[in-house]
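# Topology and contacts: notes
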Amino acid sequence: MSWTLAELAKHVDAEIRGDADCIIDGVATLSSASSSKISFLANSKYRKFLSHCQAGAVLVTEADAAAVEGNALVVKDPYVAYAKIASLLFPAKTVVAGVHPTAWLDPRSHVHDSAQIGAHVFIDADVTIAENVEIGPGCVIQQGVTIGAGSRLVANVTLCHGVSIGHRVILHPGVVIGADGFGIANDNGRWINVPQLGSVEIGDDVEIGANTTIDRGAIENTVIGHGVKLDNQIQVGHNCRIGNNTVIAGCVGIAGSTLIGADCAIGGGAGLGGHLSIADGVQLTGMTMVTKSITEAGVYSSGIPAEPTKQWHKNVVRYRQMESLHQRVRELEQLLNNQD
């Protein structure tokens, strides 16, 4: 598909600087774009690439507009505008209704006529699949699952029994929702399983990345709110609740019964202990370890950045000396107080 700059500007509420009739048919980076592509500058430190950019147009803020030698669309947030334009240029494919001959559907399931069921899909009894749902190849939909309208399971997704999926949800390859949570009890030195009797509720407009796993609740349900975006390879433990519009980057581990508020942003590799509460509007930087509840919005960090090994070894020695150093300071303070 192709659009004029004037049409794209209207779509993202941009101000045109240059030729409004320029035709755009794709997107590209600043360094590789050709005259029919549009690019964006979201970080001013990459402004140096503008001098050699061959793009038909560049999305920029007002602060960077003067550095663009060719056509520009001036917007408040270039990255958001890029996302909207890329979606316009490359719209999602239309769901083609029908059931692949290798799929198996239990006759007690309820699949809307507009749904697309791919190759080697398994759909168990009492499953309800709404209109315009796409079930990609190799997916397993167990008993009692419900999937809302417009949702898409890309491939090899497993939805365990009783899971509820909202409208317009995207589940990427390898996602597993509703497996048993890590519930075990020690019976005189022998570990026994605790039945996981809850399920998982996924809200509307949620996107879940490849190989992310969300465990079912032990008694009550695990709940993922509306608009939540989860990256790849995230583990969400049983009975967790994640508030609306929270985003979580890859390889985060969330232990059971942790409550995460709305509008939070959690960086990659973070770890959250169990039975904690995280307030609305909290941001955790990458590799942060959370061991107690956070009650106020703000940015939180932990962990130590990488440094040369020789310096790291010195610091480790000093860390081990901290307790004795603390004790010496206390003794000196007591000695000074006694002298007073």
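Residues numbered from 1 in each chain as written. Predicted model: local features only at pLDDT ≥ 70, side-chain atom pairs only at ≥ 80, totals over all residues. Heavy atoms only, no water.

### A closer look at the pairing of strand β6 (residues 57-60)
A regular strand places its side chains on the two faces of the sheet in alternate fashion. Heads up, the condition is: Summary of the burial criterion: residues with accessible area below 20% of their type's maximum are buried, those above 50% are exposed, and those between are partly exposed, where the area comes from a 1.4 Å probe applied to protein chains only. Working definition: helices are DSSP H or I runs of at least four residues, strands are E runs of at least two. Numbering for both runs from the N terminus. Pairing between strands is defined by DSSP: at least two bridges between them are needed.
Burial along β6 is two-sided: A57 and L59 and V58 and V60, pointing in opposite directions, are all buried. Here strand β5 (residues 37-40) pairs with β6 via three bridges, running parallel. Following the sheet pairing, S39 is matched in β6 by V58. Here β6 runs beside strand β7 (residues 72-74); their pairing, made up of three bridges, is parallel. Bridged to V60 within β7 is V74.

### Concerning the packing of aromatic side chains
In plain terms, the rule: For this analysis, a ring pair means two rings from Phe, Tyr or Trp (six-membered ring only for Trp) whose centres lie within 6.5 Å, classed as stacked if their planes differ by under 30 degrees, edge-to-face if by over 60, and tilted for the remaining angles.
Counted under the stated rule, the structure contains six aromatic pairs. Seen from their ring centres, Y46 and F49 are 6.1 Å apart, and the 25° between their planes marks the pair as stacked. Overall, the relative accessible area of 40% leaves Y46 in the partly exposed class. Given a relative accessible area of 36%, F49 falls into the partly exposed group. For the pair W104 and F122, a centre-to-centre distance of 5.5 Å together with 10° between the ring planes defines the contact as stacked. Here the residue W104 occupies a position in strand β9 (residues 104-105), and F122 occupies one in strand β12 (residues 122-123), the gap between them amounting to 18 residues.

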